[in-house]
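# Residue-level structural notes
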Amino acid sequence: MVIYFTGTGNSRYAAKHIADILGDELVSLNELMKTKKSGTFKSEKAYVIVTPDYMSRMPIPVENFLKESTFTSGKEVYFVLTGGAAAGNARKYCEKLAASKGLTYKGTTAVKMPANYVVMYDVTPKQNAKAEAEKALPAIEKVAENIKSGKTVTVSEDMSGHKAFSAIAPMFNSLMVSAKSFTANNNCIGCGTCASLCPLNNIKLSNGKPAWGTECMHCMACISACPEKAIDYGKKTADRQRYYLSDEE
Ligand SMILES: Cc1cc2nc3c(=O)[nH]c(=O)nc-3n(C[C@H](O)[C@H](O)[C@H](O)COP(=O)(O)O)c2cc1C
Ligand code: SF4
Ligand code: SF4
C-alpha cells in the first residue's frame, strides 16, 4: 500500500509512479487528515509512505497522524521523502515511527524534486514544473524497483545534508510556521480551492474570501494552487511565481 501526503503535488506524483510499478493501491493522507485524527491501514504488501521533506524530516503533523494510526502489524515499511535539497536525519524519525507501529523498517530514501517553499524562496515557474518533476522519474523508478525486489533503501550522500535541521524542526515550526501572514487580494474569485486543499482545514471562506485559522503546517497548497494567484504571504511572495502539480500530471 502506497500512502502519500502532498502539499504541492510532488509527493503524489512520486507515489503514483511507485504504486504503478508495484501494482499496489494508492492512499491519500490529505483526505484522511482533513477529516480524522488517525487512519486504519490494512495491506498484505509492504507499506510505502511518501511525503515531502520539511526541515530534513517527514512533516511533523504527518508523523503524528501516522503515530496515531493503526497498521496491519509485522508488515514492512519504506519511507520515501521528496525534497528540494536535503533529508538530513529524516531516517532517525522514520525508523522510530516504524518501531512504534510494530512495522519492519526497510529504510528511508530521498528523491530530489522541485523545491516548493515559496514563502522562503523563488520556486520553479508553473510552466516548468511538470518537466522538472519528470527529471525525478529515473530516481523514482529506481526506488520502486528496489522496493519491488524487497531491497532496503537509503538516503544518498548528496541528499544527506542539513542533519541539524531535523532536530530543530519542532522549534522551527513553533517560531516560523504560521498562517498569520497569508492574505487574499481582490483577484480572489471565491472558488474555494484553497479551503478544499488545506490538509488541516485551516481555511474557511468568509464572504467569499479565505480566512486563515491557527492550524498551519506551511504545506504551500493554498498559495501555490490558487488559480488567480490571489494569495500572498506578507510582502515576500508578490514577485514570486508558484507551481502546483495537479493530480493529472
Ligand atoms: C515547510 C517546508 C520545509 C521544507 N524543508 C525542506 C528540507 O528541509 N529539505 C528539502 O530538501 N526540501 C525541503 N522543502 C521542499 C519540499 O520538501 C519539496 O519541494 C517537496 O518535494 C514538496 O513536496 P509536495 O509537493 O508533495 O508537497 C520544504 C518545503 C516546505 C514547504
Ligand atoms: S483559491 Fe484563490 S481564488 Fe479561490 S478562494 Fe482561494 S484565494 Fe480565492
Ligand atoms: S493554510 Fe495553506 S499552507 Fe497552511 S496548511 Fe493550509 S493549505 Fe497548507
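Our structure is the block above this text.
First, a word on what this report is: a plain description of the structure on this page. All of these numbers come straight from a predicted model, not from anything done at the bench. The numbers attached to residues start from 1 for each chain and follow its sequence in the written order. Going through the entries in the order they are written, you letter the chains from A and number the ligands from 1. Local features in a predicted model are, by the rule used here, given only for residues with pLDDT of at least 70; side-chain atom pairs are given and counted only at 80 or more, and totals for whole chains, interfaces and linings are based on all residues. Water and hydrogen atoms were dropped before computing side-chain values, which therefore reflect all heavy atoms in the structure.

### Some remarks on the nonpolar core
Applicable threshold: Buried Ala, Val, Leu, Ile, Met, Phe, Trp, Tyr and Cys residues form a nonpolar core when they are joined through side-chain atoms within 4.5 Å. For every residue, the accessible area (1.4 Å probe, protein chains only) is compared with the maximum for its type, and the residue is labelled buried under 20%, exposed over 50%, or partly exposed between those bounds. Helix numbering and strand numbering both begin at the N terminus, where a helix is a DSSP run of H or I of at least 4 residues and a strand a DSSP run of E of at least 2. For the domain bounds, the source is a domain assignment made automatically or taken from a database. Pairs of residues are marked as contacts when any of their non-hydrogen atoms sit within 4.5 Å.
Ranked by internal contacts, the top residues of the largest apolar core, which has 49 residues, are Ile18, Val48, Val50 and Phe182. Broken down by element, this core gets its largest block of residues, 6 residues, from helix α1 (residues 10-22). Split by domain, the residues of this core number at least three in each of domain 1 (2-172) and domain 2 (177-233). Other than its neighbours up to four places away in sequence, Val48 contacts Met1, Val2, Ile3, Ile18, Leu22, Tyr78, Val80 and Ile147.

### Details of the packing of aromatic side chains
The test is simple: Note on ring pairs: Phe, Tyr and Trp rings are taken, using the six-membered ring of Trp, and paired if centres are within 6.5 Å. Classes follow the plane angle, with under 30 degrees stacked, over 60 edge-to-face and the rest tilted. Charge over a ring is defined by NZ of Lys or CZ of Arg lying within 6 Å of the ring centre and within 35 degrees of the ring normal.
If you walk through the whole model with that rule in mind, you get 6 aromatic pairs. A ring pair is formed by Phe79 and Tyr105, whose centres lie 6.1 Å apart and whose planes are at 35°; its orientation type is tilted. Note that Phe79 is positioned in strand β6 (residues 76-83) and Tyr105 in strand β7 (residues 104-112), a separation of 26 residues in sequence. Residues Phe182 and Trp212 carry aromatic rings whose centres are separated by 5.5 Å and whose planes lie at 20° to one another, so their mutual orientation is stacked. One end of the pair, Phe182, is in strand β8 (residues 182-184); the other, Trp212, is in strand β10 (residues 209-212), and 30 residues separate them in sequence. An identical accessibility class is assigned to Phe182 and Trp212; each is buried. What links up through ring pairs into an aromatic cluster is the set Phe41, Tyr47 and Phe71. One residue, Arg57, lies across the ring of Tyr93, its end atom 3.6 Å from the ring centre.

### As for the site of ligand 2
Our working rule: The criterion for a residue being near a molecule or strand is simple. One of its heavy atoms has to lie within 4 Å of it. Each residue gets one label: Ala, Val, Leu, Ile, Met, Phe, Trp, Tyr, Cys and Pro are nonpolar, Asp, Glu, Lys and Arg are charged, and the others, such as Gly, are polar.
The environment of ligand 2 is made up of Cys188, Ile189, Gly190, Cys191, Gly192, Thr193, Cys194, Pro210, Cys226, Pro227, Glu228 and Ile231. The residue makeup of the shell around ligand 2, split by class, is 8 nonpolar, 3 polar and 1 charged.

### Observations regarding helix α3 (residues 60-68)
Buried within α3 we find Ile60, Val62, Glu63, Phe65 and Leu66. Packed against the buried residues of α3 are α2 (29-35), β3 (40-41), β4 (47-52), β5 (70-71), α4 (90-100) and α7 (163-176).

### Let's talk about the pairing of β10
Here is the rule: Strand pairing is assigned whenever DSSP detects at least two bridges linking the two strands.
Only one face of β10 is covered, namely the one carrying Pro210 and Trp212; the face carrying Lys209 and Ala211 has none of its residues buried. Note that strand β9 (residues 203-206) and β10 share 4 bridges and pair antiparallel. Counted as the bridge partner of Ser206 is Lys209 from β10. Connecting β9 to the antiparallel partner β10 that follows it, the hairpin turn spans 2 residues, and Asn207 within it adopts a positive phi of roughly 50°.

### Quick word on the pairing of β4
Buried residues dominate β4, accounting for 6 of its 6 residues. By the alternation rule, side chains of β4 split into Tyr47, Ile49 and Thr51 and Val48, Val50 and Pro52, which are all buried. Where strand β1 (residues 2-4) meets β4, 3 bridges bridge the pair, whose relative direction is parallel. Bridge pairing in β4 places Tyr4 opposite Val50.

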